[in-house]
Amino acid sequence: MTKPILRLILGDQLTQSLPILTEGDPSRDVILMAEVMGEATYVRHHKKKIALIFSAMRHFADELRALGWTVHYIAYDATAPIAALYDAVEMTLAQGDFASVSVTEPAEHRLMLEMAGWSDRLGRPVEILSDSRFLCDHETFRNWAEGRKQLRMEFFYREMRRRHNILMDGKDPVGGQWNYDAENRKPPKDGLDIPAPYKLRPDETTDAVLSLVEDAFPDHFGDLHPFHFAVTRADALEVLDHFIAERLPRFGDYQDAMLTGEPWMYHSHLGFHLNCGLLLPIECIRAAERAYHDGHAPLNAVEGFIRQILGWREYVRGIYWLRMPGYATENALGANRLLPPLYWGAPTQMNCLAQCVGETRKWAYAHHIQRLMVLGNFALLAGLAPQEVNEWYLIVYADAYEWVEMPNVSGMVLFADGGLLASKPYAASGAYINRMSDYCKSCRYSPTKKNGPDACPFNYLYWDFLDRNADRLGKNPRLAMPYRTLARMSDDKRSANRDDAARFLRALDRGDTV
Ligand code: FAD
Ligand code: DLZ
Ligand code: SF4
């Protein structure tokens, strides 16, 4: 018999569909899975994220054993943790006579770089296999991007719809339009009947992991309890079914709406499971498409949901691998302010920020518009440094991995890539948050006041942002209207904005409660 291959499976590769398993031989090969300090602390992940990954890894190892695989599982030992994945591989190789090592391409650039040196260090072949979960591989994305001046998501998405025959009616999009976003911006109204999220009760394995995380990572951000994420594929499929049945029909209408005490709204909460492998993107897409054809959910909801997964998710991954490693240090707007403590829960009088940070701490979750138009918008307008902001987002969300986090933060939120991803910065004044949420009703600031100590800080920060970035953004055709308004503003009004913004930012830098 040929020698066994050591097959390393990472904590976000928990699916049986990958070539690393489909091409393996359970009667010969050994699976390695390892909970290691390097991965748990390269940023100080939210406690819920570590618990999710460790518990899902342990359950996946059990699943593989039940299928006949030999699994070498290294559980986290808080007294003597293994430093890095490399060490786990090296130690395991020393315990057997292996022909080679195989691993699925890691999702983050830092690990890919590291693994490129493994073969030399281990003195053995290391095969890096493709990650077949994604619907657009690296080469296809590169070919799409080549020679294009602008890499707009919308055009990528249309090609993906055609290529994978999703929501298509022959050569045309179902319903005659590619994108129904304009119908997906309803403000929240009182009395919305929002279903509770699907809650899984922790089993023994998860309970053991929760105790471990509490002991080993006590200083990491975030509440560990209550913990109700799915940690097996079977449970994740239940979450998907629950979303399709209960939330999808209104996903579109209220996609951008924010309500106090309702972190989950009509969103899917599938990102946690998609990103660690418990769910496959194509099965989520097909389930939503079926719901449309069965008459269960309207087209604006189904198209909107599919666009997020088939469009945005695949597109940001393409951008990440196209532009790394340089993407990590881009800072087109020269923003350099340190992240203020309010992002870690220090008191703030800005109710929208307090609500979104509070929910992030509690759930390791905030929905897209909270991430983009509240937490992100503030980071953009206040000129926070991209590296600081990226690190925060990577830490605090249980679905965060650099490949998806960074293009959203550096590209969509901060415009740090100079407009590669977004055609204009998503900057907005308090009026947007007032329209799309109920946060302003309980805020010490007034969203309708433009200047002075009681004015919503987003209002003067918005105009000051445009003013101080006029050299970089003033010629952007999509900002022509606000720049025309700025040009028409009286000198007094303009200097009031500047003065209020300077006063506010000085207070922020001093660590005052703003
Ligand atoms: P839903 O709103 O139900 O959407 C369905 C799915 O579509 C998501 O699960 C996700 O897989 C995909 N999706 C939606 N929007 C995006 C997007 N902009 N980019 C990529 N995929 C998308 N998503 C992550 O998965 N990990 C991150 O670390 C992450 N960081 C973000 C940081 C910022 C600043 C912003 C603005 C967005 C970020 N997103 C990230 C995208 C999006 O906010 C989350 O995917 C979404 O909020 C997860 O919640 P959900 O599963 O309920 O998503
Ligand atoms: C996120 C994470 C955590 C917290 N811990 C581990 C771990 O101990 N072992 C492991 O194999 N993977 C872990 N992961 C997922 C990896 O960080 C992930 O594979 C890389 O960031 C690439 O996306
Ligand atoms: Fe946020 Fe301004 Fe509304 Fe207060 S008034 S909640 S700071 S948008």
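In this numbering scheme, every chain counts its residues from 1 along its sequence in written order. Each chain is given a letter, starting from A, and each ligand a number, starting from 1, according to the order in which they appear as written. Where totals are concerned, whole chains, interfaces and linings use all residues; where local detail is concerned, this predicted model gives features only for residues with pLDDT of at least 70, and gives and counts side-chain atom pairs only at 80 or more. Heavy atoms throughout the structure, all of them, feed into the side-chain values; hydrogens and water do not.

A word on the nonpolar core
- Throughout this description, the term nonpolar core refers to a set of buried Ala, Val, Leu, Ile, Met, Phe, Trp, Tyr and Cys residues connected via side-chain atoms within 4.5 Å. Each residue is placed in one exposure class: buried if its accessible area under a 1.4 Å probe, protein chains only, is under 20% of its type's maximum, exposed if it is over 50%, and partly exposed if it falls in between. Core analysis: the biggest nonpolar cluster contains 162 residues, and Leu248, Tyr315 and Phe378 have the highest contact counts within it.
- Here a strand is any run of E in DSSP of at least two residues, a helix any run of H or I of at least four, and the numbering for each starts at the N terminus. Broken down by element, this core gets its largest block of residues, 13 residues, from helix 13 (residues 299-323).
- The criterion used for residue contact is that any of the two residues' heavy atoms lie within 4.5 Å. Residues in contact with Phe378, not counting those within four places in the same chain, are Pro340, Tyr343, Met350, Leu353, Phe458, Leu461, Phe504 and Leu508.
- One finds Leu32, Ile74, Met115 and Val126 within the second-largest nonpolar core, a separate group that totals 22 residues.

Focus on the site of ligand 1
- The cutoff for a nearby residue is simple: one of its non-hydrogen atoms must lie within 4 Å of the molecule or strand. If you check the shell around ligand 1, you find 30 residues, and the closest are His267, Ser268, His269, Asn275 and Tyr365.
- Measuring from an oxygen atom of ligand 1, one finds a backbone N or O atom of Leu270 at 3.1 Å.
- The side chain of Tyr365 places a nitrogen or oxygen atom 2.7 Å from an oxygen atom of ligand 1.
- With the chains in place, 99% of the 800 Å² that ligand 1 exposes on its own is no longer accessible.
- Of all the elements in the fold, those that place two or more residues in the shell around ligand 1 are helix 11 (271-276), helix 13, helix 15 (368-381) and helix 17 (402-413). Two N or O atoms form a polar contact when they lie within 3.5 Å of each other; inside protein one atom must be a possible hydrogen donor and the other a possible acceptor, and for residues adjacent in sequence the pair counts only when both atoms belong to side chains. Working definition of accessibility: Shrake-Rupley area with a 1.4 Å probe, residue cover restricted to the visible protein chains.

Things to note about helix 19 (residues 457-468)
- Multiply 1.5 Å by the residue count of a helix minus one, and that product is the helix's expected span. A rise of 1.5 Å per residue sets the reference length of helix 19, with its 12 residues, at 16 Å; its end C-alpha atoms lie 16 Å apart and thus fit the reference within 8%.
- Burial within helix 19 is extensive, with 11 of its 12 residues counted as buried.
- Where helix 19 is concerned, the buried positions are Pro457, Phe458, Asn459, Tyr460, Leu461, Tyr462, Trp463, Asp464, Phe465, Leu466 and Asp467.
- On its buried side, helix 19 packs onto helix 14 (351-363), helix 15, helix 18 (430-436), helix 20 (470-473), helix 21 (480-488) and helix 22 (491-510).

Quick word on the site of ligand 2
- Contacts to ligand 2 come from 20 residues, most closely from Asp12, Ala34, Val36, Glu39 and Arg110.
- A distance of 2.7 Å separates a nitrogen atom of ligand 2 from a polar backbone atom of Ala34.
- Residue Arg110 places a side-chain N or O atom 3.0 Å away from an oxygen atom belonging to ligand 2.
- Protein chains bury 100% of the 490 Å² of accessible surface belonging to ligand 2 in isolation.

Some words on the sheet that holds strand 2 (residues 30-34)
- Across the sheet, which stays open at both edges, the five strands sit in the order 3-2-1-4-5 with parallel pairing between neighbours. Of all the strands in the sheet, the pair left with one neighbour each is strand 3 (70-74) and strand 5 (126-129). Neighbour to neighbour, the strand axes of the sheet diverge by 25 degrees on average, direction disregarded.
- Across four bridges, strand 1 (residues 5-8) lies against strand 4 (residues 100-104) in parallel orientation. Across the sheet, Ile5 pairs through a bridge with Ser100, a residue of strand 4.
- Only the stretch in contact is used when fitting a helix axis, every axis being a line fitted to C-alpha atoms; angles between N-to-C directions are given from 0 to 180 degrees. Across the face of the sheet, helix 3 (residues 47-66) comes into contact with strand 2 and strand 3 while running at roughly 160 degrees to strand 3. Any two strands between which DSSP finds at least two bridges are classified as paired.

Re the packing of helix 14 against helix 15
- Two elements in contact, helix 14 and helix 15, have axes whose closest approach is 10 Å; the angle formed by their N-to-C orientations is 120 degrees. One element, helix 14, and the other, helix 15, form an angle in the oblique class. In this structure, helix 14 meets helix 15 at a crossing whose hand is left-handed. Where helix 14 abuts helix 15, its residues Cys352, Leu353, Cys356, Val357, Glu359 and Thr360 lie against Gln370, Val374, Leu375 and Phe378.
- For the contact of helix 14 with helix 15, the residue count by class is seven nonpolar, two polar and one charged. By definition in this entry, angles of less than 35 degrees are roughly parallel, angles greater than 145 are roughly antiparallel, angles of 65 to 115 are roughly perpendicular, and the rest are oblique. When the near helix sits turned anticlockwise from the far one by under a right angle, the crossing is termed left-handed; a clockwise turn instead gives a right-handed crossing. Residues are grouped as follows: Ala, Val, Leu, Ile, Met, Phe, Trp, Tyr, Cys and Pro are nonpolar; Asp, Glu, Lys and Arg are charged; all remaining types, including Gly, are polar.

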